[in-house]
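Structural features, examined
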Amino acid sequence: MKRFIVSLGMSILVVSALAGCGPDDDTETETSNANNTVNDHNETGEPEKPDSLEIWANDDEYQFAAVQELVSQFEDEYGIEVEVTAYLMADQDEAFALDAPGGIGPDVIFQPHDRLGDLTSQNLLAPLEVDEDTLAEYTEEAVTAFTLDGEVYGAPLVMENTALYYNKDLIDAVPETMDELYELADSLTDASHDEYGFLFEALNFYHVYPWIGGYGGYVFSQDDEGNYNIDDIGLDNDGAVEAYEEVQSLFERGILPRSVDEDVINGLFTDGKVAMAVSGPWAMASYSEALGDSLGVAPLPELSNGNTPTPFAGVKGWLVSNYSENTYWASQLALYLSTADAQSYYYEETGEIPARPDATVEDEFAEAFLEQSQSAEPMPNIPEMGQVWDPMEDSLQFNAEGQDPGEILEEAVEEIHDYIDMMN
């Protein structure tokens, strides 16, 4: 699998990216960079400004507040009113698919890159109107994640993968191996008092993938050029089965409760009742506020086969509606919200890792996430990825119930093939 390559080993961390295509204008306009001046655009024949735009921001306290502040700066600079609506990112794609064709959807939405294939297959997205010099300001990996069939559809804002948060009041250091981590977690767990040594979302395919990939499983195989082979699914191979067996053993040992989800983990961890928990940069702001100097972040320990766990690597960014009457200005808003200054501010307020190298971040926690990113695998951004989630989520529920891992994974992969055949 193609891996993200991120340089590390520095206390001042930076991230970077690029790639691009222009809009399907028949005139060769000098598409804009949000950092350029309005007068420059006018001189190149930019479209007339709309009175207003609408944007959906993720319904998270810290992220929404940061977006509101950045939008207010855009309004002051460009004289365009922007309505910001808080909408849970995970629910935006389905609502957008219903609202946009009816003319009541927003101009800009916020989505992870793996939704790109599904959204473009429904003709819901317009290519980002941006020049290549501007795209070169982002990390190549981030722009590639938002590129499909040669078109760039998103302005990358943050890059993310999971790592291991820990409470320094409960453990002195993170174990070097996962087996040692399980032993330590066993000794710290007292479920009768809601105290746990180690928690992660073991019913969530995204969060279990570090084990699947680490043992040799994969979603779709790739050729040397990164093209996916949808006929070759590696989610029921020996490595995937081994991963499921290991996760199932954690339920049987009582290390993991059988009904563990994000809300449970966040609540217990911020209450100081969990020693170690797997999550992403999106949890950093609330975890830091709750634990203060007691919070630590480290890469996940190596698995029993000596491999490093392979979390999914994701990129989140701003996407422009194909039904917007102002795709040019919607693109400028998306770019304005992802400038270096914007991403630096967004990191300060949310802890989410920037997707461009000129957004400098000084933070030991970010270093841990970047170190983990070396083994991370990008989530496939093709439409067929949308057929993977439900069968795998079902299989994890069966795994928690103690069913045979090999059989449930074989059934899940058969179901994925059937879904893909139906969609194609």
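Basis of the calculations
Residues numbered from 1 in each chain as written. Predicted model: local features only at pLDDT ≥ 70, side-chain atom pairs only at ≥ 80, totals over all residues. Heavy atoms only, no water. Axes fitted to C-alpha atoms, helices over the stretch in contact; angles between N-to-C directions. Helix = DSSP H or I, 4+ residues; strand = E, 2+ residues; numbered from the N terminus. Parallel < 35°, antiparallel > 145°, perpendicular 65-115°, else oblique. Left-handed = near helix turned anticlockwise from the far one by under 90°. Contact = heavy atoms within 4.5 Å. Nonpolar A, V, L, I, M, F, W, Y, C, P; charged D, E, K, R; others polar. pLDDT = per-residue confidence, 0-100. Salt bridge = Lys/Arg side-chain N within 4 Å of Asp/Glu carboxyl O. Buried < 20%, exposed > 50% of the residue type's maximum accessible area, 1.4 Å probe, protein only. Phe/Tyr/Trp six-rings, centres within 6.5 Å; stacked < 30°, edge-to-face > 60°. Lys NZ or Arg CZ within 6 Å of the ring centre and 35° of its normal. Core = buried A, V, L, I, M, F, W, Y, C linked by side-chain atoms within 4.5 Å. 1 Å grid on protein atoms, 1.4 Å probe; cavity = no way out; pocket = protein on both sides within 12 Å on 5 of 7 lines; lining within 4 Å. Points joined across faces, edges and corners; volume = space filled by probe spheres on them.

**Some details on the packing of helix H9 (residues 238-252) against helix H15 (residues 389-400)**
Between H9 and H15, the least distance of the axes is 9 Å, while the angle of their chain directions is 45°. The angle between H9 and H15 falls in the class oblique. Read as a crossing pair, H9 and H15 show a hand that is right-handed. The residues of H15 that touch H9, namely those facing Tyr244, Val247, Gln248 and Phe251, are Met392, Ser395, Leu396, Asn399 and Ala400. Class assignment of the residues belonging to the contact of H9 with H15 gives a composition of six nonpolar, three polar and no charged.

**Considering the confidence of the model for the protein**
Here the protein averages 88 in pLDDT, while 90% of its residues score no lower than 70. Contacts of residues 1-41 to residues separated by more than four positions or lying in other chains number 140 contacts, the stretch itself having pLDDT below 50.

**So, the pattern of salt bridges**
Tallied over the entire structure, the rule returns eight salt bridges. Notably, a salt bridge pairs Arg356 with Glu137, separated by 2.7 Å at the nearest N-O pair. With Arg356 in the loop between strand E16 (353-354) and strand E17 (361-362) and Glu137 in the loop between helix H5 (132-135) and helix H6 (140-145), this residue pair connects regions lying 219 residues apart in the sequence. Since its relative accessible area comes to 22%, Glu137 is described here as partly exposed. For Glu160, the salt bridge identified is with Lys316, shortest N-O distance 3.0 Å. Of this pair, Glu160 sits in strand E8 (residues 154-160) while Lys316 sits in strand E15 (residues 312-321); the two residues are 156 residues apart in sequence, bridging distant segments of the chain. Both residues of the pair, Glu160 and Lys316, belong to the buried class. Residues joined in a network through salt bridges with shared partners are Asp93, Asp114 and Arg115.

**Description of the packing of aromatic side chains**
Taken as a whole and assessed by the stated rule, the structure comprises 23 aromatic pairs. Geometrically, the ring pair formed by Phe205 and Trp389 is edge-to-face, given 5.5 Å between the ring centres and 75° between the ring planes. Here Phe205 is found in helix H8 (residues 205-214), whereas its partner Trp389 is found in helix H15, with 184 residues between them in sequence. Its relative accessible area of 15% is what places Trp389 among the buried residues. One aromatic cluster is present, built from ring pairs that chain together Phe205, Tyr206, Tyr209, Trp282, Phe312 and Trp389. Note that Arg356 overlies the ring of Tyr138, its terminal NZ or CZ placed 4.8 Å from the centroid.

**Details of the nonpolar core**
Within soluble globular proteins, side chains that are nonpolar tend to cluster in buried spots. In terms of nonpolar packing, the biggest core is built from 77 residues, with Phe198, Phe200, Phe205, Trp211, Ile212, Leu235 and Met392 touching the most fellow members. Here the element with the most residues in this core is H9; it accounts for seven residues. Residue contacts for Leu235: discarding those within four places in its chain leaves Phe205, Tyr209, Ile212, Tyr218, Val219, Ala240, Val388, Met392, Leu409, Val413 and Ile416. Counting 38 residues, the second-largest nonpolar core is a separate cluster that includes Ala126, Val152, Trp318 and Tyr346.

**Some points on the layout of surface pockets**
Any empty space left between atoms is shown by rolling a water-sized probe over those atoms. Put simply, the largest pocket is a space of about 1,600 Å³. In terms of lining, the largest pocket is formed by 49 residues, of which the most central are Met89, Ala90, Arg115, Asn204 and Glu262. Ranked by residues supplied to the lining of the largest pocket, first place goes to helix H3 (residues 89-99) with six residues. A breakdown of the residues in the lining of the largest pocket according to their chemical character gives 20 nonpolar, 13 polar and 16 charged.

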